[in-house]
Every structure is written in C-alpha cells, then in structure tokens.
Amino acid sequence: MAYRRKVTHLTLTSALMLIACGGAAGALGPAQAAPARQHASHPAAAARVESKSNIPDETRRFSAQEDEAAIVSRFPDVRFFSTSERDFSRALSQTNGPSSSGPWLSLSAGGVDGAFGAGLLSGWSARGARPDFAVVTGVSAGALIAPYAFLGARYDDQLRTALTTITDADVFEDGQTPASLLDTWPLRKLLEKRITPQLLADVAAEHRRGRRLFVATANLDAGRTTVWNMGAIAARGDDAALKLFRDVLLASASLPGIFPPVYFDVESNGHHFKEMHADGGTGGPFFVGPESWLTGNGSFRLPTHELYVIVNGKLGPEFEVTPPNTLGVLGRAFSAAVKTGTRVEIAGAAAASRRDAITFKLAHIAESFDHPSRGLFDPDYVKALYDFGFRQAQTGEAFNDKPLTRVSQRPSQ
C-alpha cells in the first residue's frame, strides 16, 4: 500500500509539473509516469541532507514590514518587487557605462518545453539575425535559459547541452522533504556544474556594459513576485555571488509543493531571517515590467522600441477526450487554465506595447508540432522540440507581430 501511494503521488506530481509549467497536455498518464531514479550512492549526500533539513523556527519569524524592507545579507540592491516602478527604473539605470535602449527579450515558463526556446535561440544565431538584447528576463524554465540567452551565440552549444540532455534524475529524486513531494538536490548539483565561475564573470562583464539580466521568483511569504538583478549579483564575483546566482535560478524553477522552496538569508533593521521563494511562474508566465506598465496606470515606460516574447508552450486548445479519473480531470483543467492565463498576459503586453509604440513580437510552439511525449523528460520529444524551434528561427518563421491572430480557437486534433 505504501509503494502504491508513492507511485500515485509521483504520477500526479509529474503531470502537475508538466501542466503548471506550461508543458504539453496529456503527455503523461498513470501508466506512463516513470518514478525518478534513486541516487542512494551519489557522492552529493550533503546536498540531499541540506534540501531535506528543517529550517529553524526562529529564522522564520518576521513581520510584513520587515520583509518589505529586507535585503539579502551582503547583497544590497540586487532585487526588488515586480510592482515597483522606482526600483525597476533604478535597476535599469545603474551602470558604469552607457545604458542601452536596444531590444528586450522575455522568456516564459514551460517545464521541459523550454527546449523550444533553446532551439529557437540557436536557430536565430544560425540565421545571423539574433539581436544583442539590452534586457533579458526569465521565469521558471525561462530563467534557466536566460543566462545563455543573455550571453549570446557563444553559449549556444552549452544551451543545447543543458536543455536537450537533461533527465528526470538530473532534476529530482523520489523522496519527500518537509515542504515538498519531491527533492531537487540533483538539480542543485546540476546548476553547480552548469553555472560556472566563467559564466558568472561573463554575465558581470555584460552588466557593466549596461545590459540587464532579470529573473523572477515568487516570495511566498510576501505573496509577491521578486525580480533579481542577476548582473548585479554576478558583479560581486566571489563564491557567495556564485551561490546566490545559482540559488535564484533554482528558486525560479521550484514548483511550490512539488519541489522544495529555496530560502534566502535576509536582514531588516538588524533582524536576520529566511525568506521562502519558489517558482517564478506563480506570479505569471513571463515578466516584462511593472504591472502599472501593463495597465497604463503609472508613468513607467519601457526604454525600448522592440519587445520579443518566447512562450515555451502552445497557446491554442488541444482536443483530447478527458480520462474519467482524478489525474485526467486535474490535468485538463490545469492545462486550460495555464493557456488562458498566458493568452491574457500576452494580450496585456501586446496592448501596452502598441500604446507605447513598441514593436511586439511573439514566438510560441505552433499547433502543428505534434511529436508525442512518452514521459516527463522523453529525450526524443525534447530533441524534436529543440529542432522544431531551431528550424522556425532559422527560416524566419518563429515570430509574429500580431501574435493572437496566429492562435487558432479551434482545438487541434
């Protein structure tokens, strides 16, 4: 009975991860979800212990006022709430060199479908038309892509490897923690391998040129989205900066309740405590700027004339006879909700761009892509999706400046 409960939990978890992060609906069913491989003899036992450890109660006692004013210990001015026009403008203008007003790129959540964005960026480079983006933002799976996108074509090979060779065992282990159904110590170790001191130094160099890399996480304590200035973190250049950079990426891709949250040591008026952060997609599928920019209620305007958004998922409805079981019903409902929310977010960003005379261009997985997925990290599916994104960009067909007109409202078969 205990084993059956464990497999049921993992099956449900895998499906919700795929759906909530924008993955293909129906890719997993009860008979298809494979348990993550155990890492019992893995040398990184310390990482496993760290992720499973309880956080002392005294470090989790603080007020809303303290959290509002909190800064990361030894890292002032590296983050802000997504609603703050003042702090966002300040982060854009802080530079020792000339500030750039070039094109912006926003990368969405999407789970394993992040392979589409990775392929698109590489195909764009191969075509010779990929811009040198002034600002790159990433959420969840988009956050894991964002550093490579920010650093340009020279990191395309590393991006391809990072997105197309990943397996379930590289991401999670079947084992509960105090705050999650699965343990992501393998993903933490993978980020230690992928996010190198050289990558950190390269991000810092671009930051000093005036370019900006932002990653969003969900501050679960505040119930608000936090935006991290990754270049400002990288500019510190020490081991603490490297750890914080990796922790932010991990937090942005940590689906609440499924993956463990990430705790950040912060301080406010001499009081030290730990904030709980999780998947950046909790606050929206992608991040461009303050909410007031979307609604037009504030004075903030994006200092750019071009905005590119890559959505790592499909936007139109997909027909599938819903299985008459709990997993099937939850899966279809979550999938529909995520797609609807994403379309609403796109509509808002497109309308705000038109208002401010910004060219808005959207790329997403077309309804014509129909390669089957036989598991959460099916290598054949991932490679097919990467290749699809690559071809779309290489042929110049990836982006459209009238995005919602390309989404069929008739369900694909």
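Before reading further, recall that the structure is shown in the block above.
Residues numbered from 1 in each chain as written. Predicted model: local features only at pLDDT ≥ 70, side-chain atom pairs only at ≥ 80, totals over all residues. Heavy atoms only, no water.

Participant: In this structure, what is going on with the overall build of the protein? I would like to understand it.
Facilitator: Along the protein, the regular secondary structure elements total 15 helices and 10 strands. The buried share of the protein, reckoned over its 413 residues, is 55%. Expressed as a percentage of contacts within the protein between residues at least 6 apart in sequence, the contacts between residues at least 24 apart total 78%. (Helix = DSSP H or I, 4+ residues; strand = E, 2+ residues; numbered from the N terminus. Buried < 20%, exposed > 50% of the residue type's maximum accessible area, 1.4 Å probe, protein only. Contact = heavy atoms within 4.5 Å.)

Participant: Explanation requested: helix H6 (residues 141–151) in the structure shown.
Facilitator: Residues separated by three or four positions in an α-helix point in the same direction, a consequence of the helix having 3.6 residues per turn. In terms of burial, H6 is largely enclosed, as 10 of its 11 residues are buried. What H6 keeps buried is the set Ala-141, Gly-142, Ala-143, Ile-145, Ala-146, Pro-147, Tyr-148, Ala-149, Phe-150 and Leu-151. Of the residues one or two after H6, Gly-152 is the one with positive phi, at around 85°.

Participant: Which parts of the structure should I look at to understand the nonpolar core?
Facilitator: Generally speaking, a soluble globular protein has its nonpolar side chains buried in company with each other. Core analysis: the biggest nonpolar cluster contains 78 residues, and Leu-105, Leu-120, Val-136, Trp-228, Met-230, Ile-233 and Phe-245 have the highest contact counts within it. Aside from chain neighbours lying at most four places away, what touches Met-230 is Val-203, Leu-213, Val-215, Phe-245, Val-248 and Leu-249. In terms of nonpolar packing, the next biggest core, distinct from the first, is built from 29 residues, Leu-92, Val-227, Phe-287 and Leu-302 among them. (Core = buried A, V, L, I, M, F, W, Y, C linked by side-chain atoms within 4.5 Å.)

Participant: Even after reading the chapter, I still don't get the pairing of strand E6 (residues 224–229), so can you show me in this structure?
Facilitator: A regular strand carries its side chains on alternate faces of the sheet. Judged by how many residues are buried, E6 sits mostly within the fold: five of six residues are covered. Both strand E5 (residues 212–219) and E6 contribute to a ladder of six bridges, which runs antiparallel. When the bridges of E6 are listed, Val-215 appears paired with Trp-228. Joining the antiparallel neighbours E5 and E6 is a turn of four residues, in which Gly-223 adopts a positive phi near 70°. (Pairing = 2+ DSSP bridges.)

Participant: Looking at this structure, I do not really get the environment of Pro-323. What am I missing?
Facilitator: By secondary structure assignment, the location of Pro-323 is in the loop between strand E9 (306–311) and helix H14 (326–355). Aside from chain neighbours lying at most four places away, what touches Pro-323 is Gly-328 and Val-329.

Participant: Just checking my understanding: could you explain the pattern of salt bridges for this structure?
Facilitator: A side chain of one charge can pair with a side chain of the opposite charge if their charged atoms are brought near each other. One pass over the structure, following the stated rule, counts 24 salt bridges. Arg-130 is the salt-bridge partner of Asp-156, the closest N and O atoms lying 2.9 Å from each other. Of this pair, Asp-156 sits in helix H7 (residues 156–164) while Arg-130 sits in the loop between helix H5 (114–127) and strand E4 (135–139), placing them 26 residues apart in sequence. Both residues of the pair, Asp-156 and Arg-130, belong to the buried class. We note a salt bridge from Arg-211 to Glu-206, for which the minimum N-O separation is 2.9 Å. Across the pair, exposure class does not vary: Arg-211 and Glu-206 are buried alike. Through salt bridges that share partners, Asp-132, Arg-154, Asp-202, Glu-206, Arg-209 and Arg-211 make up one connected network. (Salt bridge = Lys/Arg side-chain N within 4 Å of Asp/Glu carboxyl O.)

Participant: Is there a simple way to think about the packing of helix H10 (residues 197–208) against helix H12 (residues 239–252) in this case?
Facilitator: To characterise two packed helices, one gives the angle between the axes of the helices and the distance between these axes. Where H10 meets H12, the closest approach of the two axes is 10 Å, and the angle between their N-to-C directions is 90°. The orientation of H10 with respect to H12, classified from their angle, is roughly perpendicular. Together, Pro-197, Leu-199, Leu-200 and Val-203 of H10 and Ala-241, Leu-242 and Phe-245 of H12 make up the contact between the two elements. Tallied by class, the residues present in the contact of H10 with H12 amount to seven nonpolar, no polar and no charged. (Axes fitted to C-alpha atoms, helices over the stretch in contact; angles between N-to-C directions. Parallel < 35°, antiparallel > 145°, perpendicular 65-115°, else oblique. Nonpolar A, V, L, I, M, F, W, Y, C, P; charged D, E, K, R; others polar.)

Participant: Would you mind going over the environment of Ala-153 with me for this structure?
Facilitator: If you trace the backbone, Ala-153 turns up in the loop between H6 and H7. If we skip the residues at most four places from it in the chain, Ala-153 touches Ser-125 and Arg-130.

Participant: Is there a simple way to think about the pairing of strand E8 (residues 271–278) in this case?
Facilitator: For E8, the tally of buried residues reaches six of eight residues, placing the bulk of the element in the interior. The sheet contact formed by E5 and E8 spans two bridges and is antiparallel. Looking at E8, one finds that Ala-218 is bridged to Ala-278. Between strand E7 (residues 262–268) and E8, which follow one another and run antiparallel, lie two residues, and Asn-269 among them has a positive phi close to 50°.

Participant: Hey, could you run me through helix H9 (residues 185–194) in this one?
Facilitator: The buried count for H9 comes to seven of 10 residues, which makes it a mostly enclosed element. Residues of H9 that are buried: Trp-185, Pro-186, Leu-187, Arg-188, Leu-190, Leu-191 and Arg-194.

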